[in-house]
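Residue-level listing of the chains:
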Amino acid sequence: MVKSVMVAYALWAGGGLFGLHHLYLRRDSHALLWMLTLGGFGIGWFREIIRIPAYVDEANQDAENERRPSTMVPPPVSPVRFAGQVCVGIYFGTVALIGLSSLSFFYLIVLPLCVGAGVHLVSTVGQQTSDLSQTLIATLITSPIFYGSTLSPLPISLAASVTAAQHRRYKRPQAGTQELGPRLYRLGLAWLAFSAPLAYCVFSNTTATLYYLSDCVAALLDIFWFLPWLRSVVEYIFLMPYRIMCVFTGGGYYDEAWKKMLEILLKDYTEREKEALEGMLEPIPADFGREAGYTPK
């Protein structure tokens, strides 16, 4: 069945953040990526306004069984795809840190596998793919070097993205087409596997989740201490969900109030530690124990 550019644009406008237009064009990997990242964090969805005609042409060529580019020649390197691999790898790693960090061997096995899965998902978008085994090996080798670090998803994702780019190739042509039902079933299972640990952690231990997120924000902002303007830009991006929430709920945005609350969140552990230390270092009163009949020697 020939795909229509107008239908693809309509689905992009109505449900593009959830990948409906990619489901229509049989780009299931792309649809799953958009479901898990809300259209590539909104940036990828907006960029597709000029990419949809090319996607439709690719889908129609596949439907007519036209020959794809030779699988022996690697596809050209795409900076956009590489950046997407790094960002989604970090995103998957952060979700794993929030929902699965209590598992045994988390930093050695679970975290690198999650980061590698995110990188590989981006590498399989469109007509390209990569070697999953090589990507996972790169993550497993890199993970012990940054064991226990809050920012470990970043270097792991970089190593996995470089490996995926080195082993990029075109997908092999598939014989026949699959029905929509089985495709939706597989996409639903993948979405549940991604969201279930995160949902359980958020709803079962909301306070711990907020503390961890505040630590991640603090660690990220500390990277830009030498560039105050860049730190302000990053902080502004983090505050965008709060501003959007204020718009939809009808509340006003109070910049100073939010900054004060953010400062409390980021300083909470430090203040508690100071209070504990002050309590431990208080001198023992001279009359301690006298009421019980104890006389110090």
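Residues numbered from 1 in each chain as written. Predicted model: local features only at pLDDT ≥ 70, side-chain atom pairs only at ≥ 80, totals over all residues. Heavy atoms only, no water.

### A word on the pattern of salt bridges
All chains considered together, the criterion is met by two salt bridges. The shortest N-O distance in the salt bridge between Arg-183 and Asp-28 comes to 2.7 Å. Highlighted residues: Arg-183 in helix 10 (residues 180–204) and Asp-28 in helix 3 (residues 28–41), separated in sequence by 155 residues. Here the two residues Arg-183 and Asp-28 agree in accessibility, since each one is buried. (Salt bridge = Lys/Arg side-chain N within 4 Å of Asp/Glu carboxyl O. Helix = DSSP H or I, 4+ residues; strand = E, 2+ residues; numbered from the N terminus. Buried < 20%, exposed > 50% of the residue type's maximum accessible area, 1.4 Å probe, protein only.)

### Comments concerning the side chain of Arg-27
Note that Arg-27 resides in the loop between helix 2 (20–24) and helix 3. Residue Arg-27 is classed as buried on the basis of its relative accessible area, which comes to 11%. A polar contact is formed between the side chain of Arg-27 and the side chain of Glu-58, at a distance of 3.0 Å. Here Arg-27 is in contact with His-22, Tyr-55, Glu-58, Val-125 and Gly-126, once residues within four sequence places are set aside. (Polar contact = N/O pair within 3.5 Å; in protein donor to acceptor, adjacent residues only side chain to side chain. Contact = heavy atoms within 4.5 Å.)

### Comments concerning the environment of Ala-190
Residue position: Ala-190 is located in helix 10. Looking at Ala-190, the relative accessible area reads 27%, which means it is partly exposed. It is 7.9 Å that separates the C-alpha atoms of Ala-190 and Leu-32, two residues lying 158 residues apart in sequence.

### Section: the packing of helix 8 (residues 132–142) against helix 9 (residues 153–166)
Interaxial distance between helix 8 and helix 9 falls to 8 Å at its minimum, and their mutual angle equals 150°. It follows that helix 8 is roughly antiparallel to helix 9 by the angle criterion. Where helix 8 crosses over helix 9, the handedness of that crossing is right-handed. From helix 8, Gln-134, Thr-135, Ala-138, Thr-139 and Thr-142 reach across to helix 9, where they touch Pro-155, Ile-156, Ala-159, Ala-160, Thr-163 and Ala-164. A per-class count over the contact of helix 8 with helix 9 returns six nonpolar, five polar and no charged. (Axes fitted to C-alpha atoms, helices over the stretch in contact; angles between N-to-C directions. Parallel < 35°, antiparallel > 145°, perpendicular 65-115°, else oblique. Left-handed = near helix turned anticlockwise from the far one by under 90°. Nonpolar A, V, L, I, M, F, W, Y, C, P; charged D, E, K, R; others polar.)

### Observations regarding the nonpolar core
One finds Leu-32, Leu-33, Leu-36, Val-88, Phe-92, Leu-121 and Phe-194 to be the most contacted residues of the largest nonpolar core, which totals 14 residues. Those elements that provide at least two residues to this core are helix 3, helix 6 (79–99), helix 7 (106–123) and helix 10. No other element matches the five residues that helix 3 contributes to this core. For Leu-121, the contacting residues outside a window of four places in its chain are Ser-29, Leu-32, Leu-33, Leu-36 and Phe-92. One finds Tyr-107, Cys-114, Val-115 and Ala-160 within the second-largest nonpolar core, a separate group that totals twelve residues. (Core = buried A, V, L, I, M, F, W, Y, C linked by side-chain atoms within 4.5 Å.)

### A closer look at unusual backbone geometry
Most peptide bonds take the trans configuration, and most residues that are not glycine carry a negative phi. One non-glycine residue with positive phi stands out, namely Leu-38, at about 50°. Locating Leu-38 in the fold gives a position in helix 3. The phi torsion at Phe-41 lies on the positive side, around 60°, for a residue other than glycine. By the element assignment, Phe-41 lies in helix 3. The partly exposed category is assigned to Phe-41, whose relative accessible area is 44%.

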